[in-house]
Amino acid sequence: MFLLYSLALSLVLLLSAPFWLFRMATSGKYREGLGERLGRVPRRLRGAASARPDERPVVWLHAVSVGETLAASGLILRLRSSLPGYRIVVSTTTRTGQKLARERFGADSVFYFPLDFAFAVRSWLRFLRPRLVVLLESEFWPRMLHECRLAEVPVAVVNARVSDRSWPRYQRLRMLWRALLSPLALTLAQSEEDAARLMEIGAGNVEVAGNLKFDIRVQKEAAVTVALRRVLSPGQPVLVCGSTLEGEEELLLNAAPPEAVVILAPRHPERFTAVAQLLRRRDARWIRRSEWLPSPAPLKPGSVLLLDSIGELASVYSLATIAFVGGSLVPAGGHNPLEPAQFAVPIVMGTHYQNFRAMVELLRSLDAIRLAPVSDLRAVLAELLRYPDEAAAMGERARAIFDAEAGGTDRTLARLLSLLGTPSGDDA
């Protein structure tokens with residue numbers, strides 16, 4: 001089975017090679033970290049490893065991109081403090097996730113996740129010799145799971161979920177998934193529904209621990225947030241449009257109340273230039289965050305600030321009069337609505353939210369979010385500005401849900417420490 005899988009993966013990479021080579025040449029997006037993805041251990045990690053005289057045991061945690069890295073940040077820091085005798089290393093798949101992880105955990109503990117080939121996975125397993133591998137959400141890479149089993153490395157999946165979009169594919173191949181997932185040492189699901197789905201496809205040792213994203217708290221205001229707070233006029237409406245995808249920015253600009261300052265935060269950094277070109281074509285009053293921040297000037301009603309940065313959106317949500325969460329006006333499944341909820345900001349999403357269905361439905365059940373198709377978006381935004389007391393109450397309900405659902409990090413940490421034979425940080 002794994003021979004066929006490797007041949008199929010090789011064929012896919014071979015057929016798509018022109019695309020990847022073009023992207024590497026034009027954007028550098030996939031060129032960075034290519035050696036690490038192919039199993040080469042960089043000097044920055046080798047140096048850190050050779051410097052440890054006690055050969056510390058390793059916990060390897062994998063988070064795909066920025067969202068997963070943010071969700072896992074509290075857990076990683078708690079693991080470090082609870083396991084002072086261990087080395088906690090972090091891998092990511094995307095460049096943005098890599099940048100954030102290096103900033104938070106140090107470049108000598110962060111690397112790119114290997115491609116799912118035996119030679120690449122084995123190279124990292126030989127170097128790290130992990131005591132435990134921890135995967136975030138649904139990173140079920142067949143070769144990785146198989147090689148960990150052969151090397152007798154226990155694998156835990158935390159914050160595990162099976163989205164509505166993925167569920168039919170898992171069901172069709174449930175017998176194959178059962179063989180891969182039944183050896184899991186621990187599977188901590190976000191919800192009861194996720195747990196039921198994971199058990200149906202054969203995941204081992206399934207429990208419900210809650211969603212780590214309910215524990216994400218902005219610890220420090222970003223520089224751009226501090227600057228904006230100083231220049232925004234008292235009572236100035238601010239519409240923060242976060243994690244937007246292609247096609248959404250124009251819809252949002254068309255629907256935005258004319259009296260609001262709009263902050264656009266595209267999901268993917270490679271789209272910053274395309275969104276800037278859109279704003280230029282519209283002849284909008286706009287400026288990039290990177291150009292504005294060195295000399296912050298007041299932003300007038302109707303102007304647009306393009307947030308061309310990584311890791312600042314969560315903090316910027318604190319300034320919002322209304323927060324729109326992207327990926328939901330187009331059929332992309334939506335993004336995380338919890339970041340603005342912690343600030344009691346009224347939240348608006350489109351009608352495509354399958355990736356966060358349980359979370360959105362919970363908010364909807366307590367009237368803590370507004371869902372708006374494109375045709376109603378302008379009216380929904382205008383109504384929230386027209387009735388500020390109702391909007392504020394909606395935001396407070398969202399924050400109450402956010403606070404009530406917290407605790408997933410504590411539960412996850414306790415189970416991982418137990419798996420390592422260390423019931424509490426005090427015993428580590």
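See the structure shown above.
Residues numbered from 1 in each chain as written. Predicted model: local features only at pLDDT ≥ 70, side-chain atom pairs only at ≥ 80, totals over all residues. Heavy atoms only, no water.

(A) Summary view of the packing of aromatic side chains. For the structure shown, the criterion picks out nine aromatic pairs. With a centroid separation of 6.1 Å and 55° between ring planes, the pair formed by Trp60 and Phe113 is classed as tilted. Here the residue Trp60 occupies a position in strand β1 (residues 58-62), and Phe113 occupies one in the loop between β3 (110-112) and α6 (118-128), the gap between them amounting to 53 residues. Note on Trp60: relative accessible area 0%, which makes it buried. For Phe113, a relative accessible area of 6% puts it in the buried group. With centroids separated by 4.0 Å and ring planes inclined at 10°, the aromatic side chains of Phe111 and Trp124 adopt a geometry described as stacked. Here Trp124 lies in helix α6 and Phe111 lies in strand β3, a separation of 13 residues in the sequence. A single burial state applies to Phe111 and to Trp124, both of which are buried. Taken together through their ring pairs, the aromatic side chains of Trp60, Phe111, Phe113, Trp124 and Phe127 make up a single cluster. (Phe/Tyr/Trp six-rings, centres within 6.5 Å; stacked < 30°, edge-to-face > 60°. Helix = DSSP H or I, 4+ residues; strand = E, 2+ residues; numbered from the N terminus. Buried < 20%, exposed > 50% of the residue type's maximum accessible area, 1.4 Å probe, protein only.)

(B) How the structure looks around the packing of helix α4 (residues 66-82) against helix α5 (residues 95-105). At their nearest, the axes of α4 and α5 sit 10 Å apart, and the two run at 25° to each other. One element, α4, and the other, α5, form an angle in the roughly parallel class. Of the two elements, α4 crosses α5, and the hand of that crossing is right-handed. Packed against α4, whose contacting residues are Val66, Thr69, Leu70, Ser73, Ile76, Leu77 and Arg80, the element α5 presents Thr96, Gly97, Leu100, Ala101, Arg104 and Phe105 at the interface. By residue class, the composition of the contact of α4 with α5 is seven nonpolar, four polar and two charged. (Axes fitted to C-alpha atoms, helices over the stretch in contact; angles between N-to-C directions. Parallel < 35°, antiparallel > 145°, perpendicular 65-115°, else oblique. Left-handed = near helix turned anticlockwise from the far one by under 90°. Contact = heavy atoms within 4.5 Å. Nonpolar A, V, L, I, M, F, W, Y, C, P; charged D, E, K, R; others polar.)

(C) Focus on the sheet that holds strand β6 (residues 186-189). Ordered in space as β3-β2-β1-β4-β5-β6-β7, the seven strands form an open sheet in which the pairing is parallel. What marks the edges here is a single partner per strand, and that holds for β3 and β7 (206-208). Neighbouring strand axes in the sheet, compared pairwise and without regard to direction, differ in orientation by 20° on average. Judged from the four bridges that link them, strand β4 (residues 130-136) and strand β5 (residues 155-160) form a sheet pairing that is parallel. Pairing of Val133 across the sheet is with Val155, part of β5. Across the face of the sheet, α6 comes into contact with β1, β2 (87-92), β3 and β4 while running at roughly 145° to β1. Sheet contacts for helix α10 (residues 192-200): β5, β6 and β7; angle to β7, the most-contacted strand, approximately 175°. (Pairing = 2+ DSSP bridges.)

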